[in-house]
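Residue-level structural notes
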Amino acid sequence: MAIGLIFNAFLLALGQLSDPRFRRVFLLGVVLSLMLLIGFTAGFAWLTEAITPDEIWLPILGEVQWIDDFLSWGAAFLLMFLSVFLMIPVASAITSMFLDEVADAVEAQHFPQLPRANSVSFGDALRDTVNFLGVLLAANIFAIALYLMFPPFAPLIFWMMNGFLLGREYFTMVAIRWVGRAQAKALRREHIGTIWVAGTLMAMPLSVPLLNLLIPILGAATFTHLYHGLTMRRP
């Protein structure tokens, strides 16, 4: 397991955070993620109000006319609470659509001797983003139940689960640009231990407000360095 390579990749990525191309992708990811969460919350509240009857009869209370408003506002507040946990998975998935720009910036600065990588088509990037978003949301919603069941292990569960998912996705997306999807998956299986540890390193700051919004950018840059470090060692 290439622990030294992981930390070197992380430090090099950290040193490039001021790159204007990094800032552009960061702002795009945050704005689009906020719009998606706000739109989903508003839509869910509207749907709750639409399917709830205007009046309902309850024992003791009798006829109640405010139940639809109560449920709509309750659904909205519930989703706002869940968005605290879901903002990072959403931002990570959205930012993955713009991975090429981050990876190109890293390679232009640190690997100028390499030819330009193949660009991922918008359709493929969108498909991967939707798949990644679905997996991240499902895993993190499921993890909320595990946090409540095993409170002492909540940080470990959060780091290990998100570390695995982030590492797996970011490494694959970087590798696809150079060797295609099939070979990228083969490389991922070959280096799964290193990738999981690197992904966990990315997941640890996810619980720090504001800093966690930088993780998608930092992760993409780190795994670009990691990919080249691992493949350049090959004969």
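It should be emphasised that the depicted structure is a prediction, and the values quoted were computed from it without experimental measurement. (Residues numbered from 1 in each chain as written. Predicted model: local features only at pLDDT ≥ 70, side-chain atom pairs only at ≥ 80, totals over all residues. Heavy atoms only, no water.)

1. A look at the overall build of the chain
Put simply, the rule reads: Strands are runs of DSSP state E lasting at least 2 residues, helices are runs of H or I lasting at least 4, and numbering of each runs from the N terminus. Any residue under 20% of the maximum accessible area for its type is buried, any over 50% is exposed, and the rest in between are partly exposed; the area is computed with a 1.4 Å probe on protein chains only. We call two residues in contact when some of their heavy atoms are within 4.5 Å. Under the convention used here, a 1.4 Å probe and the Shrake-Rupley method define accessible areas, while residue burial counts only the protein chains that appear.
The helix and strand inventory of the chain stands at eight helices and two strands. Ordered by position in the sequence, the α and β elements of the chain form the string α-α-β-β-α-α-α-α-α-α. Buried positions account for 47% of the 235 residues belonging to the chain. Expressed as a percentage of contacts within the chain between residues at least 6 apart in sequence, the contacts between residues at least 24 apart total 78%. In the form shown here, the chain has an accessible surface area of approximately 12,500 Å², with 73% of it arising from carbon and sulfur atoms.

2. What about the confidence of the model for the chain?
Threshold: For every residue, the pLDDT score states the predictor's confidence, bounded by 0 at the bottom and 100 at the top.
Confidence along the chain averages 79 in pLDDT terms, with 74% of residues attaining 70 or more. Per-element averaging of pLDDT across the chain places strand S1 (residues 56-58) at the bottom with 52 and helix H7 (residues 192-203) at the top with 91.

3. Observations regarding the packing of helix H5 (residues 122-149) against helix H6 (residues 154-190)
Selection criterion: Convention adopted: a line fitted to C-alpha atoms gives each axis, helices being fitted over their contacting stretch, and angles between N-to-C directions are expressed from 0 to 180 degrees. An angle below 35 degrees is read as roughly parallel, one above 145 as roughly antiparallel, one from 65 to 115 as roughly perpendicular, and any other as oblique. Amino acids are sorted into nonpolar (Ala, Val, Leu, Ile, Met, Phe, Trp, Tyr, Cys and Pro), charged (Asp, Glu, Lys and Arg) and polar (every other residue, Gly among them).
Look at H5 against H6: their axes get within 10 Å of each other, and the N-to-C directions meet at 170 degrees. It follows from the interaxial angle that H5 and H6 lie roughly antiparallel. On the side of H5, the interface is formed by Asp124, Arg127, Asp128, Phe132, Val135, Leu136, Ala139, Asn140, Ala143, Leu146 and Tyr147, while H6 contributes Ala154, Ile157, Phe158, Met161, Asn162, Leu165, Leu166, Glu169 and Arg181. The residue makeup of the contact of H5 with H6, split by class, is 13 nonpolar, two polar and five charged.

4. Quick word on the nonpolar core
Stated precisely, the cut-off is as follows: Among buried residues, the Ala, Val, Leu, Ile, Met, Phe, Trp, Tyr and Cys ones that are joined through side-chain atoms within 4.5 Å form a nonpolar core.
Counting 47 residues, the largest nonpolar core has Phe22, Val102, Tyr147, Phe171, Met202, Phe223 and Leu226 as its most contacted members. Mapped by element, the contributors of at least two residues to this core are helix H1 (3-14), helix H2 (20-51), helix H4 (99-110), H5, H6, H7 and helix H8 (215-231). Examining the composition of this core, we find that 13 residues originate from one element, H6, more than from any other. With residues up to four places along the chain from it excluded, the contact list for Val102 reads Phe22, Val25, Ile217, Ala220 and Ala221.

5. Notes on the environment of Pro216
With respect to the secondary-structure elements, Pro216 resides in helix H8. Take Pro216: its relative accessible area is 1%, and that puts it in the buried class. Sequence separation of Pro216 and Tyr170 is 46 residues, and the distance between their C-alpha atoms is 8.9 Å.

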